[in-house]
Amino acid sequence: MRRAPSLPSGSYVPPVPERELTVVSADGSRIHTELHGPEDAPAVLLAHGWVCTTAFWAPVVRALSADHRVILYDQRGHGRSPAPGPGGYSTHALADDLVAVVEATLPPGRRAVLAGHSMGAMTLMAAADRPLLRERAAAAVLCSTGASRLMELSRVVPLRSPRARARVHRLLLGSRAPLGPVTPLSKRLVRYVTMGPGTAPATVEVAARILHACPRVVRAGWGRVLADLELDARVGQLTMPTAVIVGTADRLTPTEHAHTLAAALPHCTGLTELPGLGHMTPLEDPEAVTGVIRGLAEEYGTSRETDLTTFQDSHFQESRPTSQESRPTTATEAGHTAVEAKEQTA
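Note that this is a predicted model, so its numbers are computed, not measured.

## Some words on the nonpolar core
Formed by 93 residues in total, the largest nonpolar core has its most connected members in Leu46, Val141 and Ile293. In terms of residue count, the dominant contributor to this core is helix H2 (residues 91-105) (eight residues). Discounting chain neighbours no more than four positions away, the residues touching Val141 are Val113, Leu114, Ala115, Gly116, Leu124, Ala243, Ile245, Val292, Ile293 and Leu296.

## Remarks on the confidence of the model for the protein chain
On average, residues of the protein chain score 87 in pLDDT, and 84% of them are at 70 or above. Predicted confidence for residues 1-5 stays below pLDDT 50, and this span has two contacts to residues more than four positions away or in other chains.

## Observations concerning unusual backbone geometry
For Val51, which is not glycine, the phi torsion reads 55 degrees and is therefore positive. Relative to the elements of secondary structure, Val51 occurs in the loop between strand E3 (43-47) and helix H1 (58-64). Despite not being glycine, Arg149 has its phi angle at roughly 55 degrees, a positive value. Turning to its location among the elements, Arg149 is positioned in the loop between strand E6 (137-143) and helix H5 (150-153). Residue Arg149 is classed as partly exposed on the basis of its relative accessible area, which comes to 46%.

## Some words on the side chain of His78
Along the chain, the position of His78 falls in the loop between strand E4 (69-73) and H2. Residue His78 is classed as buried on the basis of its relative accessible area of 1%. At a separation of 3.2 Å, a polar atom in the side chain of His78 contacts the main-chain carbonyl oxygen of Arg76. Residue contacts for His78: discarding those within four places in its chain leaves His48, Gly49, Trp50, Val51, Cys52, Met119, Cys214, Val218 and Trp222.

## Description of the packing of H2 against helix H3 (residues 119-126)
Any two packed helices are characterised by how steeply their axes cross, that is the angle between the axes, and by the distance between the axes. At a minimum axis separation of 8 Å, H2 and H3 run at an interaxial angle of 85 degrees. The pairing of H2 with H3 is recorded here as roughly perpendicular in orientation. For the pair H2 and H3, contact is made by Thr91, Leu94, Ala95 and Leu98 and by Met119, Thr123, Leu124 and Ala126, respectively. When the residues that make up the contact of H2 with H3 are grouped by side-chain class, the tally is six nonpolar, two polar and no charged.

## A few points about the pattern of salt bridges
Per the stated rule, a full pass over the model turns up 16 salt bridges. A salt bridge links Asp27 to Arg76, with the shortest nitrogen-to-oxygen separation between them at 2.9 Å. With a gap of 49 residues between them, Asp27 in the loop between strand E1 (19-24) and strand E2 (30-36) and Arg76 in the loop between E4 and H2 connect regions that are remote in the sequence. We classify Asp27 as partly exposed; its relative accessible area is 41%. Note that Arg149 is salt-bridged to Glu152, the shortest N-O span being 2.9 Å. With relative accessibility at 28%, the residue Glu152 sits in the partly exposed group. Here the salt bridges do not stand alone but share partners, grouping Asp96, Asp129, Arg130 and Arg234 into one network.

## Description of the packing of aromatic side chains
Here the structure, examined in full by the defined rule, presents two aromatic pairs. Consider the rings of Phe56 and Trp57, whose centres lie 5.6 Å apart with planes at 80 degrees: the pair is edge-to-face. Judged by centre distance (5.1 Å) and plane angle (70 degrees), the ring pair of Tyr89 and Trp222 falls under edge-to-face. Of the two residues, Tyr89 is situated in the loop between E4 and H2 and Trp222 in helix H9 (residues 216-227); the sequence distance between them amounts to 133 residues. Exposure remark for Tyr89: the relative accessible area of 23% places this residue in the partly exposed category.

Thresholds applied
Residues numbered from 1 in each chain as written. Predicted model: local features only at pLDDT ≥ 70, side-chain atom pairs only at ≥ 80, totals over all residues. Heavy atoms only, no water. Core = buried A, V, L, I, M, F, W, Y, C linked by side-chain atoms within 4.5 Å. Buried < 20%, exposed > 50% of the residue type's maximum accessible area, 1.4 Å probe, protein only. Helix = DSSP H or I, 4+ residues; strand = E, 2+ residues; numbered from the N terminus. Contact = heavy atoms within 4.5 Å. pLDDT = per-residue confidence, 0-100. Polar contact = N/O pair within 3.5 Å; in protein donor to acceptor, adjacent residues only side chain to side chain. Axes fitted to C-alpha atoms, helices over the stretch in contact; angles between N-to-C directions. Parallel < 35°, antiparallel > 145°, perpendicular 65-115°, else oblique. Nonpolar A, V, L, I, M, F, W, Y, C, P; charged D, E, K, R; others polar. Salt bridge = Lys/Arg side-chain N within 4 Å of Asp/Glu carboxyl O. Phe/Tyr/Trp six-rings, centres within 6.5 Å; stacked < 30°, edge-to-face > 60°.

Following this line, the structure appears as structure tokens:
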């Protein structure tokens, strides 16, 4: 008899948000956004990576939301944010979405620590030249990420030739092949590709379920963007205090990327290397990642400076979860009302 699949438990269970909202980006894309914690507490915004969702941040949100206002959102095509249309896959679009979320959730005069993991950190880099980001970002965290040469430096397929290695990695990232159900074999692959060898089985299970849930068309669309990523010129424009985090066993974005970023940042507050961890550092060691975010919020973050409630009511309509035991899995179930965070100019 086949054993029923285990479900996330403990800190891996996504907490029920205090508020949910739909933010409309520059091209009309609808971005599912969540607010956790006291609205007058120091603010933190979290951006997840490729093929993940807001659920990826669950342990970090649980640790921070008691005394921080935590904002997080599903990148377009992920989780409850619908897939973009033609031309909607680009780093420019990622930057537009981030700016839209920041503008909708942080009133003028309010700043937040912005933390991104993998593609989420690339989103911060892509938006580095946006005036609104400079105005509202108190500090930043670049976690398990890189700015360029992802295919060449990746160690998932350990070929000696950089050219051959890049070619194989490019094919893998752009593939639309279905991942299928979560099985013991698929979990072994998830551990190998994204995590350190000592990662607990429960953590691997959570990661596998998040990754396998991403639509394959979305996975391939963003994979092609990552394959051609070139954000080196934007790193120097991240002028706010910025911390870098990397796992020493990261095969997707090895430590070379972290050292390059730390050297290029105008105000790097430190490079944290987590021994034996892979690419999924916020899941593998949420305490360490939370500690870095919390430290930046304490040193550089700001508390409430304007009436956030009045601001929110004038920019969007909220949807409150009806149950503390379960979360809606689609925008329809959530009862979301599409509300423009700002007048669409496109």
